[in-house]
Amino acid sequence: MIGIKCSIDTVNSLMKFIYLLFIKSVCILKSCKQICRAKCLRTGMVKSMNNNNADTMIQETDRRTLRGELALIAAVLINSFGVVLMLYSGAGISAISSVPFAFSEVFTKISLGTWTYLFQGLLVLTLMILRKKFVPQYLFSFVVGFAFGEFLDVHELWIGILPQTIPCRIVYFVLSYILICIGIALSNRCGLPIIPTDLFPRELSDIIRVGYPKIKITFDVICLTVTACMTGFLLGHLDGLGIGTILAAFTMGKCIGLIGSWMDKRYTFVTILTKE
């Protein structure tokens, strides 16, 4: 009887051992399975990150590098010509130059170019007040604005040789609209202080945290309102404003954004200020 009891106890102990071994095995298998899943997820994430990095490297490789200094010079030349050409088209002056144009029409002893850089100086001062600090880069922006004003006067000297038929005027307006959009998009990406009339909406957008297109359109509309009031009350008629001016004021901000996005995908701008 004692031998049988011992045998039963041995069998029970053996069964308990097998049961515990089974439970442990199941736990180990579950742990292994979880580890495998984690590794797979990590591998997938790594592959995804590698693919994203590869795509980014490909995009960066596809971009062409342009000098910001040359882009700024091109922007000044393009914008000054575009402003004068839009005015010459008869469709109205661009919004960014409508205020100094109104002053030049009311106070004729001072040229459009001079009124332009006076207006730009006021914009630079306004930005410093909003920033509540002195910004040295803004002073160079004023220098760029001065050059812009001088080029306005230069283009006005020769623009009269162009024919003024109705088809030509339509071409002038379309061309000037596109040129100004390209010029402002270049200015916003050159990495250097830019023309104050272009700098103001860009910096104001950063200061008050509102999208650039909205700020640009609002700025243009305010400029047109000031021009309309000045010429309407002081000259007795609206001067410098046309259907082209109004169209440009309400659409140019969006067009500049589209051209800028196109540039961002294809070009990278570097300057002497760019950190290696």
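The following paragraphs examine the structure supplied in this document. (Residues numbered from 1 in each chain as written. Predicted model: local features only at pLDDT ≥ 70, side-chain atom pairs only at ≥ 80, totals over all residues. Heavy atoms only, no water.)

### Quick look at the nonpolar core
Inference 1: Counting residues in each nonpolar core, the largest one holds 53 residues, and the members touching the most others are V83, Y138, Y177, M252 and I256.
Inference 2: Contributions of two or more residues to this core are made by α2 (68-88), α3 (95-106), α4 (112-131), α5 (136-158), α6 (166-189), α7 (196-208), α8 (212-235) and α9 (243-266).
Inference 3: Looking at which element gives the most residues to this core, the answer is α2, with 10 residues.
Inference 4: The residues contacting Y138, other than those within four sequence positions of it, are V124, L127, M128, R131, L199 and E203. (Core = buried A, V, L, I, M, F, W, Y, C linked by side-chain atoms within 4.5 Å. Buried < 20%, exposed > 50% of the residue type's maximum accessible area, 1.4 Å probe, protein only. Helix = DSSP H or I, 4+ residues; strand = E, 2+ residues; numbered from the N terminus. Contact = heavy atoms within 4.5 Å.)

### Points about the packing of aromatic side chains
Inference 1: Applying the stated criterion across every chain, the model contains eight aromatic pairs.
Inference 2: Through a chain of ring-to-ring contacts, the aromatic side chains of F103, F107 and W115 assemble into a single cluster. (Phe/Tyr/Trp six-rings, centres within 6.5 Å; stacked < 30°, edge-to-face > 60°.)

### Some points on the packing of α2 against α6
Inference 1: Packing of α2 against α6 leaves a shortest axis separation of 8 Å and a crossing angle of 150°. For the element pair α2 / α6, the angle class is roughly antiparallel. Where α2 crosses over α6, the handedness of that crossing is left-handed. In contact with A71, A74, A75, I78, N79, F81, G82, V83, L85, M86 and Y88 of α2, α6 contributes Y172, F173, L175, S176, Y177, L179, I180, G183, I184, L186 and S187.
Inference 2: For the contact of α2 with α6, the residue count by class is 17 nonpolar, five polar and no charged. (Axes fitted to C-alpha atoms, helices over the stretch in contact; angles between N-to-C directions. Parallel < 35°, antiparallel > 145°, perpendicular 65-115°, else oblique. Left-handed = near helix turned anticlockwise from the far one by under 90°. Nonpolar A, V, L, I, M, F, W, Y, C, P; charged D, E, K, R; others polar.)

### Things to note about the side chain of S141
Inference 1: The topology assignment puts S141 in helix α5.
Inference 2: With a relative accessible area of 0%, S141 lands in the buried category.
Inference 3: Separated by 2.2 Å, the side chain of S141 and the backbone oxygen of I194 make a polar contact.
Inference 4: Setting aside anything within four residues of it in sequence, one finds S141 in contact with P193, I194, I195, P196 and L199. (Polar contact = N/O pair within 3.5 Å; in protein donor to acceptor, adjacent residues only side chain to side chain.)

### Details of α7
Inference 1: Across its 13 residues, α7 extends 17 Å between first and last C-alpha, which sits within 8% of the 18 Å expected from 1.5 Å per residue.
Inference 2: Of the positions making up α7, those classed as buried are P196, T197, D198, L199, F200, P201, E203, L204 and S205.
Inference 3: The secondary structure elements touched by the buried residues of α7 are α2, α3, α4, α5, α6 and α8.
Inference 4: Backbone geometry just downstream of α7 places R209 in the positive-phi region, at approximately 60°. (Expected span 1.5 Å × (residues − 1).)

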